[in-house]
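# Report on the structure
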Amino acid sequence: MTLRPRATEVPELIRRLGSRRPRQVDRARARLSIIGSHSVAALIVALEGDNNRVRTHAMPLLALIQDARGRGPLVAMLLDRDPRMREIAARCLARFPSPEAASALGRLLRREKVRDVRIAAIEGLVEQYDGGQDDAVRRILDVLLDVKEDPKLRATSMALLPLLRPPARRAVLRRLRTDPVEDIARRAVELESEGDPPARDRSGIETLVKELASPDYSAWNEAVHRLANAGPLAAERVVAEMRRRAGDPEYCTRAGMALKALGPKRVRVLAEALDTVDEPLPLQVLVEVAGVIGEKPLIYRLKNVIERVAPPADSVASSRFDTMQRVRAKAHLEPARSGSRVAIHDRQSSHDDGDRRLPVEALAAIERIGKKDEIPLLLRAYLREDPFMRGRIAAVVRGILKRERIRRNSVSFRALPVELRRVLESILARNGRRPPRRKRQR
């Protein structure tokens, strides 16, 4: 969980994003990504400033944290005057698969004049389609099949082809095989003649693992898809390299994409990694991968993760942030998705700590499986949180009351301290009936 920070803590880290010293920037990025949702508001404010170095790093952090509040500001950044800022915003918005993000990238592709920004929009639409937004495919195909379009943009659009179903892929390749642009036609013939990717040896896998760090979208995206077809050695090498680059949030995110693509075939490797990895960012990624894959052996291992990263009961925090904050919260959330209440005592004790704040993931877990006895803990947390988190806590409290069929005037609430009763009354008052409409005067 997160210790209550001083008012200057997160702003100071964001200020360091503008440093000209790469090590200082990397440390600030890693720290902010660990803080997670509690840094989102300040990162959004940073996008409104005029320091492009800060904004360049703030947008990828919003994409990494994956808080829904970051999507709207990234859409707004697509209208920035600086083409470089629009390009970065498009790449970051791609990490938010949603109809709104896909539509915004489609609009950018239509109106944009700068080639690099349009390429970023296409790459973003490919990621949106890969994330389940089927409507994005039409915009990509419009570019790919338009012989009057910029050849470089059309070549970028060909990243869609491995994601299509075989019949659709063959139909598009047949059409491109006779394309008037020689490079497009040659690439289509090559793709059509390719069979299943051959098994890769150690040196080939090493190359792909390193390509995950490439600044070129097509290079690292290709590496993700090729690693998905490799053997267990690929999973082991991705985890090892992710640990080596534990301070690089972008690499850890791409490594997570590769591990998710490997799927349940590599459960043993992932289970061993959950038991041994102790770096915050890589362990957070592994917990997310375990939740996406959903295999029971991995979900059950999350209880061990919670116990392993939980601070000792008699420990005194030496810093304002617990570096395992989001790891612990996400490890609670994934079992909660399936209705499990494992490690319930750890979660309740963390909520009852008056010096710590709740991450959004912890609230999501309570929302799914919270019971009556957790309402007082939520009310205490309400008193120390910011307005955004207070709104989330209020919604969770109302959800528990409705799901557990607890009356507002329940006898158990009468034993609450006066301050907590007032909080509960204010939460329930917001969900009360609307006042009757006034009759129109004739």
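Computed from a predicted structure; not experimentally measured. (Residues numbered from 1 in each chain as written. Predicted model: local features only at pLDDT ≥ 70, side-chain atom pairs only at ≥ 80, totals over all residues. Heavy atoms only, no water.)

## Some remarks on the overall build of the protein
- Helix and strand content of the protein: 25 helices and two strands.
- Of all 442 residues assigned to the protein, the portion counted as buried reaches 50%.
- Taking the intrachain contacts of the protein between residues at least 6 apart in sequence as the baseline, contacts between residues at least 24 apart amount to 68%.
- With the model as given, the accessible surface of the protein reaches about 22700 Å², and the carbon-plus-sulfur share is 49%. (Helix = DSSP H or I, 4+ residues; strand = E, 2+ residues; numbered from the N terminus. Buried < 20%, exposed > 50% of the residue type's maximum accessible area, 1.4 Å probe, protein only. Contact = heavy atoms within 4.5 Å. Areas by Shrake-Rupley, 256 points an atom, 1.4 Å probe, with all protein chains shown as cover.)

## A look at the pattern of salt bridges
- Per the counting criterion, the structure on display carries 28 salt bridges.
- In this structure, Arg55 and Asp80 form a salt bridge, with 2.9 Å as the shortest nitrogen-oxygen distance. Here the residue Arg55 occupies a position in helix H4 (residues 52-65), and Asp80 occupies one in the loop between helix H5 (71-77) and helix H6 (83-93), the gap between them amounting to 25 residues. Here Arg55 and Asp80 have matching classes, each one buried. (Salt bridge = Lys/Arg side-chain N within 4 Å of Asp/Glu carboxyl O.)

## Some points on helix H23 (residues 375-384)
- Burial within H23 is extensive, with eight of its ten residues counted as buried.
- Those residues of H23 that sit buried are Ile375, Pro376, Leu377, Leu378, Leu379, Ala381, Tyr382 and Arg384.

## Quick look at empty space enclosed by the protein
- Counted according to the given criterion, the structure contains two cavities of 30 Å³ or more.
- Quantified by volume, the largest cavity comes out at close to 40 Å³.
- Lining the largest cavity are Arg29, His57, Pro60, Leu61, Leu64, Pro249 and Glu250.
- Elements with a contribution of two residues or more to the lining of the largest cavity: H4 and helix H16 (249-262).
- The element contributing the most residues to the lining of the largest cavity is H4, with four residues.
- Class assignment for the residues of the lining of the largest cavity results in four nonpolar, one polar and two charged.
- Of the voids in this model, the second largest cavity is the one considered here, and its volume is about 30 Å³. (1 Å grid on protein atoms, 1.4 Å probe; cavity = no way out; pocket = protein on both sides within 12 Å on 5 of 7 lines; lining within 4 Å. Points joined across faces, edges and corners; volume = space filled by probe spheres on them. Nonpolar A, V, L, I, M, F, W, Y, C, P; charged D, E, K, R; others polar.)

## Things to note about the packing of aromatic side chains
- Applying the stated criterion to the full structure yields zero aromatic pairs.
- Residue placement shows Arg69 over the ring face of Phe388; its charged tip is 3.6 Å from the ring centre.
- Here Arg245 stacks its cationic end above the ring of Tyr251, 4.9 Å away from the centre of that ring. (Phe/Tyr/Trp six-rings, centres within 6.5 Å; stacked < 30°, edge-to-face > 60°. Lys NZ or Arg CZ within 6 Å of the ring centre and 35° of its normal.)

## Re the environment of Val224
- Looking at where Val224 falls in the secondary structure, it is placed in helix H14 (residues 217-228).
- Exposure remark for Val224: the relative accessible area of 5% places this residue in the buried category.
- Val224 sits 38 residues away from Leu262 along the chain, and the two C-alpha atoms are 9.3 Å apart.
- Setting aside residues no more than four positions away along its own chain, Val224 makes contact with Leu212, Arg254, Met257 and Ala258.

## Looking at unusual backbone geometry
- Positive phi values are uncommon outside glycine, yet Arg405 reaches one of about 55 degrees.
- You can see Arg405 is positioned in the loop between helix H24 (387-403) and helix H25 (418-430).

## Describing the packing of helix H17 (residues 267-276) against helix H19 (residues 296-309)
- Packing of H17 against H19 leaves a shortest axis separation of 9 Å and a crossing angle of 10 degrees. By the angle between their directions, the pair H17 and H19 is classed as roughly parallel. Mapping the contact onto sequence places Val267, Leu270, Ala271, Glu272, Leu274, Asp275 and Thr276 in H17 and Pro297, Leu298, Arg301, Leu302, Asn304, Val305 and Arg308 in H19. (Axes fitted to C-alpha atoms, helices over the stretch in contact; angles between N-to-C directions. Parallel < 35°, antiparallel > 145°, perpendicular 65-115°, else oblique.)

## Overview of the layout of surface pockets
- Computed from the structure, the largest pocket encloses a volume of approximately 1200 Å³.
- If you go around the largest pocket, you meet 44 residues; those closest to its centre are Gln66, Arg95, Pro97, Lys260 and Glu288.
- The set of elements that each furnish at least two residues to the lining of the largest pocket consists of H4, helix H8 (115-130), H14, H16, helix H18 (280-293), helix H20 (325-337), helix H22 (360-369) and H24.
- Sort the elements by how many residues they give to the lining of the largest pocket and H16 lands first, with seven residues.
- Looking at the lining of the largest pocket residue by residue, the classes come out as 22 nonpolar, eight polar and 14 charged.

## Considerations on a positive patch on the surface
- On the surface, Arg107, Arg110, Arg111 and Arg138 cluster together to form a positively charged patch.
- Per-element tally for the positive patch: the top contributor is helix H7 (residues 99-111), with three residues. (Patch = residues over 30% accessible without salt bridge, like charges linked within 9 Å, V, L, I, M, F, W, Y side chains within 5 Å. Lys, Arg positive; Asp, Glu negative; His and termini not counted. Charge placed at Lys NZ, Arg CZ, Asp CG, Glu CD.)

## Some remarks on the packing of H8 against H14
- Interaxial distance between H8 and H14 falls to 11 Å at its minimum, and their mutual angle equals 20 degrees. The angle between H8 and H14 places the two elements in the roughly parallel class. Considering how the two elements wind past one another, H8 and H14 form a crossing that is left-handed. Every residue of H14 that contacts H8 at Glu123, Val126, Glu127 and Asp130 is listed here: Tyr217, Ser218, Trp220 and His225. (Left-handed = near helix turned anticlockwise from the far one by under 90°.)

## Quick word on the side chain of Thr156
- As for its position among the elements, Thr156 is in helix H10 (residues 151-157).
- Residues within four places of Thr156 in sequence aside, it is in contact with Ile119, Ile122 and Glu123.

## Remarks on the environment of Glu295
- With respect to the helices and strands, the residue Glu295 is situated in the loop between H18 and H19.
- In sequence terms Glu295 and Gly263 are 32 residues apart; their C-alpha atoms lie 9.5 Å from each other.

## Topic: the confidence of the model for the protein
- For the protein, the mean per-residue pLDDT works out to 81, and 84% of the residues sit at or above 70.
- Counting contacts from residues 1-6, a segment whose pLDDT is below 50, to residues more than four positions away or on other chains yields 33 contacts.
- Note on residues 195-201: pLDDT under 50 across the span, and five contacts to partners over four residues away in sequence or across chains. (pLDDT = per-residue confidence, 0-100.)

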